[in-house]
Amino acid sequence: MNSKTNRLFFIDAMRACAILMMLQGHFIEALLAPALKNESSYVYFFWNYFRGVTAPLFFTVSGFIFTYLLLKKCAGGWQNPRVRKGIRRGIQLVLLGHFLQLYIPGVLAGSLNSSFYVVHVLQCIGVSLILIVGIYLISFSKRKYVFPALLFVISMFSFVLKTTYDQWNYSFLPSILANYFTEANGSVFTIFPWFGYAAFGGFLAVLFKRYGSHVNFYPMAIGTTFIIGASMIYIFSNFFLNPEMLTDAMVARGVHTNNYLFIRLGDVLVAFAVFMSGKSFLRHDLIDKIGSNTLSIFVVHSIVLYGSVFGYGLTRYLYHSLSLPWTIAGAALFLVGCTGIALMYEKYMPGLRQKGIAYILPIRKFFVK
């Protein structure tokens, strides 16, 4: 994506949308008074539903962009410079994710907070990038369909088998490693099933890389993703709930039990169709800047809202206490403020680095250019 003509602007818009959805979702969920979270309200229902789309969309787009860039280089295997960059970026995200969960005053007092070991979105995406690299290295010297086939199969099985691997006992692992596989200790994003979305994004990236230049690719892609996505949302569940279709097979039961994972994947595919349909209108510098600096925005929002590292965030003083008008106004200010701070930091980071100030916040751009 070195040139504007080759850049997938709708992908920039999707990751910009995902990060902004995440910011407002986290703000409202953390600060809105519980009494106002009315499940019977259509407004709250739709807000909560679309909030649930954010993480699958974020993981899918992350896997898409990383894989698309990985495949741009002509060299294969370890000769591809994106391989080492991907591994390095994955490790950086894992370390940064744990760093943001530190409580510095506690560390200075000689104790390590338990939340340090919890796995959240950055760690899971970091591991996902490393896993995509691993799959790429295993399959690059084989037939060209092996890499996307592995990504697709792993993606599907990470959803289908969730009931099975959720029952496994990970007590033999150190807690910081076990938390990458189980939610028992508070982890929000475990490797499976969440790597499934990143792997599926990688699968889509292979298709776009190989066939995206064809004349009728986008009309076909828009129609296909919309139909498949809508089918997964509205039809897929009924198919597996049909007594005549559902057997005692473990796979069928797994699909039935974890159907919400496929529904969310359907939501993501519909989002792809919508953003591809509007790709001609999504070429804007601000959208590109927001989409290119999602990590910076994430770090700023973590510090401002949750008090990451320092312990002084909005949740310390306003947790579940705001009225609806204050929450809406606050969410808007939060979006503008966090995004503005992050973009200003990225704009002036080269000069700050020269003065030795830039490493106060270990912010790096999320996606390799």
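Residues numbered from 1 in each chain as written. Predicted model: local features only at pLDDT ≥ 70, side-chain atom pairs only at ≥ 80, totals over all residues. Heavy atoms only, no water.

Q: Give me the packing of helix H2 (residues 42–70) against helix H13 (residues 259–277): which residues, what numbers.
A: Following both chains from N to C, one finds H2 and H13 inclined at 70 degrees, their axes separated by 9 Å at the closest point. The orientation of H2 with respect to H13, classified from their angle, is roughly perpendicular. Every residue of H13 that contacts H2 at Tyr49, Gly52, Val53, Pro56, Leu57, Thr60 and Phe64 is listed here: Ile263, Arg264, Asp267, Val268, Ala271 and Phe272. Its residues placed into classes, the contact of H2 with H13 shows nine nonpolar, two polar and two charged. (Axes fitted to C-alpha atoms, helices over the stretch in contact; angles between N-to-C directions. Helix = DSSP H or I, 4+ residues; strand = E, 2+ residues; numbered from the N terminus. Parallel < 35°, antiparallel > 145°, perpendicular 65-115°, else oblique. Contact = heavy atoms within 4.5 Å. Nonpolar A, V, L, I, M, F, W, Y, C, P; charged D, E, K, R; others polar.)

Q: Can you tell me about the packing of H2 against helix H5 (residues 121–139), naming the residues and giving the values?
A: At a closest axis distance of 10 Å, the pairing of H2 and H5 adopts a crossing angle of 35 degrees. Handedness of the crossing formed by H2 with H5: right-handed. Contacts from Phe58, Phe59, Ser62, Gly63, Phe66, Thr67 and Leu70 of H2 reach H5 at Val121, Cys124, Ile125, Ser128, Leu129, Ile132, Val133 and Tyr136. (Left-handed = near helix turned anticlockwise from the far one by under 90°.)

Q: Describe unusual backbone geometry, and please don't skip the residues or the numbers.
A: Of note, the amide linkage connecting Phe192 to Pro193 takes the cis form, showing an omega dihedral of 15 degrees. Within the fold, Pro193 resides in helix H9 (residues 191–211). Residues other than glycine seldom take positive phi values, yet Val309 does so here, at roughly 75 degrees. Looking at the element boundaries, Val309 is found in the loop between helix H15 (294–306) and helix H16 (314–318). Accessibility expressed as a relative area gives 5% for Val309, which makes it buried. Despite not being glycine, His320 shows a phi value in the positive range, around 50 degrees. Note that His320 resides in the loop between H16 and helix H17 (324–354). The partly exposed category is assigned to His320, whose relative accessible area is 25%. (Buried < 20%, exposed > 50% of the residue type's maximum accessible area, 1.4 Å probe, protein only.)

Just geometry here; none of it tells us what the structure is for.
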